[in-house]
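A look at the structure
This is what each chain is made of:
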Amino acid sequence: MKGYVGIIAGTLVIGSSLATNAATINLSPWALVLPISYVPSPYPARLVNPATQWQSFSCQTSPPVNCSSTPYFDTPDGGVTYIFSVPDDGAVTSPGSGSDNPRAELHELVSWYLPPPAPATGSVGSSSLNAILAITSYPTLTKDIIIGQLHGVGVDDAPYVMLHWDNRPDAGNGNSVGNVYAIVKYDKYNNAYPGTGSKGKVYRLASGISVGSAFSYTIAVDPTNHNLQLNAWLYGSAKPSPTLVAIDQWAGLNVIFAAGDYIQQSAVVRHPTAPTSTEVGALTFYKLLIAHY
């Protein structure tokens, strides 16, 4: 049976009840990547594992290095909402060989397999990631933040779905600012989509999503139909018909969900014409939920 990704989009500006009526965000399924390093270097970024230890996280080095997570990851209301804030001069994970950009990002602790086939070890039934969030600031050179991912691990290490909020007028085939779009990778071998020459396809989801507007996304696996459904929509609007993308070549991949503030700008590799001061990308999550059945 053919496998597909479904992508849908909609819109809403944050109301006063959005955070008030939200449930506490559970950090136990996550590890946390922070844009800070134990050493005076732009990398490697530090991992808090599990993310529930973020408040007690500190660097045990000599001389001591300030590795407090609070400037980059914090909650103003006891875990109902979480604020992510990333400076473009923050530490990165793997410059030159993977990522040159800093992030404060939650990574799922337990990996799982995309069906079919689904090996018995680590396999699950249906799986989903659901989020409601709002952008509060963005780096002005690239204007681009990755807010959610479906990412391979181990031998399958690669980003298969990258969900962007991007404030460039032409981003994601858009014609307005505040574009939300997904980049979907063809396969783990970095092959191009047949007949296109492109290794990743761009699917525009919505535009005109300004700073302070709330939007939602869901990534779900349907093992019954052997489908991966990537639904991304702005919170509160009617959902248009989903865009379907065949993903048969993803069968059996070992993956995790990721969500957070992965800015697509780094002072380490910044263009000479970029601003000389540090720039920050920030956002707030009002809902973040993983479900595996």
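Residues numbered from 1 in each chain as written. Predicted model: local features only at pLDDT ≥ 70, side-chain atom pairs only at ≥ 80, totals over all residues. Heavy atoms only, no water.

On a plain count of helices and strands, the protein comes out with 1 helix and 18 strands. Residue burial in the protein is summarised as follows: out of 293 residues, 50% are buried. Of all intrachain contacts in the protein linking residues separated by at least 6 positions in sequence, the fraction that spans at least 24 positions is 70%. Total accessible area on the protein stands at roughly 12,600 Å², and carbon and sulfur atoms take up 54% of it. (Helix = DSSP H or I, 4+ residues; strand = E, 2+ residues; numbered from the N terminus. Buried < 20%, exposed > 50% of the residue type's maximum accessible area, 1.4 Å probe, protein only. Contact = heavy atoms within 4.5 Å. Areas by Shrake-Rupley, 256 points an atom, 1.4 Å probe, with all protein chains shown as cover.)

Our next topic: the side chain of Asn179. Locating Asn179 in the fold gives a position in strand β12 (residues 179-185). Residue Asn179 is classed as buried on the basis of its relative accessible area, which comes to 0%. Within the local environment of Asn179, its side chain forms a polar contact with the backbone oxygen of Arg168, the two atoms lying 2.9 Å apart. (Polar contact = N/O pair within 3.5 Å; in protein donor to acceptor, adjacent residues only side chain to side chain.)

Let us look at the confidence of the model for the protein. Of the residues in the protein, 72% have a pLDDT of 70 or more, and the chain-wide mean is 78. Predicted confidence is poor over residues 1-16, with pLDDT under 50, and the contacts of this stretch with residues over four places away or in other chains come to 82 contacts. Of the regions scoring below 50 in pLDDT, residues 117-124 engages in 12 contacts with residues more than four places distant in sequence or in other chains. (pLDDT = per-residue confidence, 0-100.)

The linkage connecting Asn49 with the following residue, Pro50, adopts the cis geometry, with an omega of 0°. The phi dihedral of Lys143 is positive, around 60°, even though this residue is not glycine. As for its position among the elements, Lys143 is in the loop between β9 (127-137) and β10 (144-152). What makes Lys143 partly exposed here is its relative accessible area of 25%. Backbone geometry places Asn190, a non-glycine residue, at a positive phi of 65°. The exposure class of Asn190 is partly exposed, given its relative accessible area of 35%.

A few words now on the pattern of salt bridges. Under the criterion given, the structure shown has 3 salt bridges. A salt bridge links Arg103 to Glu105, with the shortest nitrogen-to-oxygen separation between them at 2.7 Å. Of the two residues, Arg103 and Glu105, neither departs from the other in class, the shared state being buried. A salt bridge links Asp156 to Lys188; the shortest N-O distance between them is 2.7 Å. Placement of the pair is Asp156 in the loop between β10 and β11 (159-166) and Lys188 in the loop between β12 and β13 (200-206), with a sequence separation of 32 residues. (Salt bridge = Lys/Arg side-chain N within 4 Å of Asp/Glu carboxyl O.)

Where burial is concerned, most of β9 is hidden: 9 out of the 11 residues are buried. Pairing of β9 with strand β18 (residues 280-292), which is carried by 10 bridges, proceeds in the antiparallel orientation. In the sheet register, Leu133 faces β18, and the bridge partner there is Phe285. (Pairing = 2+ DSSP bridges.)

Moving on, we get to the packing of aromatic side chains. Enumeration over the complete set of coordinates arrives at 9 aromatic pairs. Between Trp54 and Tyr82 the ring centres are 6.3 Å apart and the planes differ by 80°, which places this aromatic pair in the edge-to-face class. Of the two residues, Trp54 sits in the loop between β4 (46-48) and β5 (73-74) while Tyr82 sits in strand β6 (residues 82-87), which places them 28 residues apart along the sequence. Ring centres of Phe73 and Phe84 lie 5.1 Å apart, and the angle between their planes is 75°; on these two criteria the pair is classed as edge-to-face. In this pair, Phe73 sits in strand β5 while Phe84 sits in strand β6, placing the two residues 11 residues apart along the sequence. Like Phe73, the residue Phe84 is buried in the burial classification. What links up through ring pairs into an aromatic cluster is the set Trp54, Phe73, Tyr82, Phe84 and Phe285. (Phe/Tyr/Trp six-rings, centres within 6.5 Å; stacked < 30°, edge-to-face > 60°.)

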